[in-house]
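# Survey of secondary and tertiary structure
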There are 4 protein chains.
Amino acid sequence: MARNAEDALARLAAVIESRKVANGGDPEKSYVARLLHKGPDAFLKKIGEEATEVVMAAKDADHGADKTRIVGEVADLWFHSMIALAHYGLTPADVVAELERREGTSGIEEKALRKAKAREGLE
Amino acid sequence: MARNAEDALARLAAVIESRKVANGGDPEKSYVARLLHKGPDAFLKKIGEEATEVVMAAKDADHGADKTRIVGEVADLWFHSMIALAHYGLTPADVVAELERREGTSGIEEKALRKAKAREGLE
Amino acid sequence: MARNAEDALARLAAVIESRKVANGGDPEKSYVARLLHKGPDAFLKKIGEEATEVVMAAKDADHGADKTRIVGEVADLWFHSMIALAHYGLTPADVVAELERREGTSGIEEKALRKAKAREGLE
Amino acid sequence: MARNAEDALARLAAVIESRKVANGGDPEKSYVARLLHKGPDAFLKKIGEEATEVVMAAKDADHGADKTRIVGEVADLWFHSMIALAHYGLTPADVVAELERREGTSGIEEKALRKAKAREGLE
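Residues numbered from 1 in each chain as written. Chains lettered and ligands numbered in written order. Predicted model: local features only at pLDDT ≥ 70, side-chain atom pairs only at ≥ 80, totals over all residues. Heavy atoms only, no water.

## Brief notes about the interface of chain A and chain B
For clarity, the threshold we go by: Residues count as neighbours in contact if any of their non-hydrogen atoms are within 4.5 Å of one another. Buried area is a sum: the accessible area each of two parts loses on coming together, probed at 1.4 Å, counted once for each and added. The working definition used for a salt bridge is a side-chain nitrogen of Lys or Arg within 4 Å of a carboxyl oxygen of Asp or Glu. Each polar contact in these results corresponds to two N or O atoms within 3.5 Å; when the atoms are within protein, one needs to be able to donate a hydrogen and the other to accept it, and residues that are neighboring in sequence are counted only if both atoms are side-chain atoms. Helix numbers and strand numbers start at the N terminus; a helix is a DSSP run of H or I with at least 4 residues, a strand a run of E with at least 2.
Facing 64 residues of chain A, the contacting portion of chain B comprises 64 residues. Of the roughly 5,800 Å² buried at the junction of chain A and chain B (both faces included), carbon and sulfur atoms supply 66%. A salt bridge links A:Asp41 to B:Lys59, with the nearest nitrogen and oxygen atoms 2.6 Å apart. Our enumeration of links across chain A and chain B arrives at 16 residue pairs in polar contact (both at pLDDT 80 or more). Looking at the side of chain A that touches chain B, the elements with two or more residues in it are α1 (5–18), α2 (31–38), α3 (40–62), α4 (68–87), α5 (92–104) and α6 (108–121) of chain A. Sorting elements by how many residues they give to the side of chain A that touches chain B places α4(A) first, with 13 residues.

Here it is, written out as structure tokens:
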């Protein structure tokens, strides 16, 4: 077990990177290599599918089902997001840095809030 | 800037947690508090929407657009996933632990691969 | 070819209805019977997946690909929507009636417009 | 009320067509004109969002909520699909024709069935 999430996500990103055909990944032996080899439509479709599965697991939890299924579905969603990131030469560290940048920028939540209020005021 | 992602994700999770109304969050002042206060449909809808935005940014990148927009869209997707996790008493650390567990379990990728091959063999 | 879409959609809905196990549908022989037999998560997941495929086909068309692929993807999306409708005892005629009802109701588009403007004014 | 679904969908498609700026539609006065004027990302995002809302309404119905909400959400999904179709010079009649074509083609459901069985055999 990694000592922190960064280590874990970075190591998983490295495994995904190693699955690229250019890096020796074998689409006949690796699921990730296969998705990367098939190209964007293959893994982007999975992002849409996994997002839907998160929503379904959450709705079931709302009605009494085990909440831990949500963890597995979010893991699937983030995992396929990381495959997409790898394809485009991006990393989960980039995403975390972006999240930190926003957290550190005053006004971000306020703007989203104004938009949300405007929407609701008209609903 | 945090020293590692665990710090970053854990700290962001703590901020989200503090936005719960039960913890003093104010739906009139905080976007996260507002989403949490409105309930699951509000943030689950955003997960579907943000997943679609990741797909659109990726397709645009396939056709030459700036790839960094993908980072912002994945950040949005993960951020709203974290709001959902918080609502259900879960954390990004749970998700990362699940990803690590899978990475450490032999056979996981092989099974996904067999399924992918079976699908494709019939396409 | 049917003379009109009501014939076509109603007939397709009737075919889907006949695929329910209660109506003699065989999950071993029919894709629709199988989805209906597996239950909501099976066909709802497909709705999320097919919506993503519509988006991808559209983005490709924006960049010069054949637009007719969009027709096939929207057909997939509507088809799986109709499987869901059947499961819940609803029909495409209900959906078309709702669309007509809205068209006939003044103010519907105006309200959606006010919401859209409010959102954009803050973007 | 139209006498059949084709009339209704064709008339709605004509209304959408008339909302194009090139046809005199005014983004300041019409929601559809505004979406069309903003371009693909605006209405494609809505398709992802509305698909998610169909899924949520269906899951709620599974747990006892009113099923008629599903009709409204599918209507939203189809409506925004039609806006996309219009943008690309396509019509709901094209989609219905595609659905009819498939219905008339033997072997379509059988192939989808083989794929579904292959997937499940490995689950």
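## Observations regarding the pattern of salt bridges
Side-chain pairs of opposite charge can arise whenever the charged atoms involved come near each other. To keep it simple, the criterion reads: Throughout, exposure labels follow a simple rule: accessible area from a 1.4 Å probe, protein chains only, divided by the maximum for the residue type, with under 20% read as buried, over 50% as exposed, and the rest as partly exposed.
Throughout the structure, instances matching the rule amount to 62 salt bridges over all chains. A:Asp41 is paired through a salt bridge with C:Arg69; the nearest N and O atoms lie 3.5 Å apart. Here A:Asp41, found in helix α3, pairs with C:Arg69, found in helix α4 (residues 68–87), and the two come from separate chains. In this structure C:Arg69 comes out as partly exposed when scored by relative accessible area, which is 31%. Of the charged contacts in the structure, one is a salt bridge between A:Glu73 and A:Arg69, with a shortest N-O distance of 3.8 Å. In this pair, A:Glu73 and A:Arg69 are both assigned in helix α4, four residues apart and thus about one turn of the helix distant. On the basis of relative accessibility, which here comes to 10%, the residue A:Glu73 falls in the buried class.

## What about the interface of chain D and chain A?
At the junction of the two partners, chain D supplies six residues and chain A supplies six residues. Taken over both partners, the interface formed by chain D and chain A buries close to 620 Å², and the fraction arising from carbon and sulfur atoms is 69%. Looking at the side of chain D facing chain A, the largest losses of area belong to D:Val55, D:Lys59 and D:His63, adding up to 65% of the total buried there. At the junction of chain D with chain A, the criterion picks out two salt bridges. The closest approach of N and O atoms between A:Asp60 and D:Lys59, which form a salt bridge, is 3.0 Å.

## Thoughts on the confidence of the model for chain A
Low-pLDDT stretches of the model should not have their predicted coordinates read in fine detail. The cut-off we apply is this: A residue's pLDDT is the confidence the predictor assigns to it, expressed on a 0 to 100 scale.
Scored by pLDDT, chain A has a mean of 90; 92% of the residues are at 70 or more. Across the assembled chains, the prediction reports ipTM 0.92 with pTM 0.92.

## Here's the deal with the relation of the copies chain A and chain B
Cut-off, in case you're wondering: All copies are superposed by least squares; the fitting set is the C-alpha atoms of residues with a pLDDT of at least 70 in both.
Note on the copies: chain A fits chain B at an RMSD of 0.1 Å, the axial shift is 0.0 Å, and the rotation between them is 180°. Viewed as a symmetry operation, the transformation between the two copies matches a two-fold axis. With an isologous cut-off of 70% or more, the 100% of interface residues of chain A that recur at the interface of chain B puts this contact in the isologous class.

## A word on empty space enclosed by the protein
Here is the rule: Cavities and pockets are defined on a 1 Å grid built over the protein atoms alone: a cavity is a set of grid points where a 1.4 Å probe fits but cannot escape, while a pocket is an open set with protein on both sides within 12 Å along at least five of seven lines, and lining residues are those with an atom within 4 Å of any such point. Grid points are joined across faces, edges and corners, and a volume is the space filled by probe spheres set on the points. Throughout this entry, Asp, Glu, Lys and Arg are counted as charged residues, while Ala, Val, Leu, Ile, Met, Phe, Trp, Tyr, Cys and Pro are counted as nonpolar. The remaining residues, Gly among them, count as polar.
The final tally for this structure, using the stated rule, is one cavity of 30 Å³ or more. Considering the residues around the largest cavity, the lining is formed by 13 residues, among which A:Gly48, B:Gly48, B:Thr52, C:Gly48 and C:Thr52 are closest to the centre. The element best represented in the lining of the largest cavity is helix α3 (residues 40–62) of chain B, accounting for four residues. The class makeup of the residues in the lining of the largest cavity is five nonpolar, eight polar and no charged.

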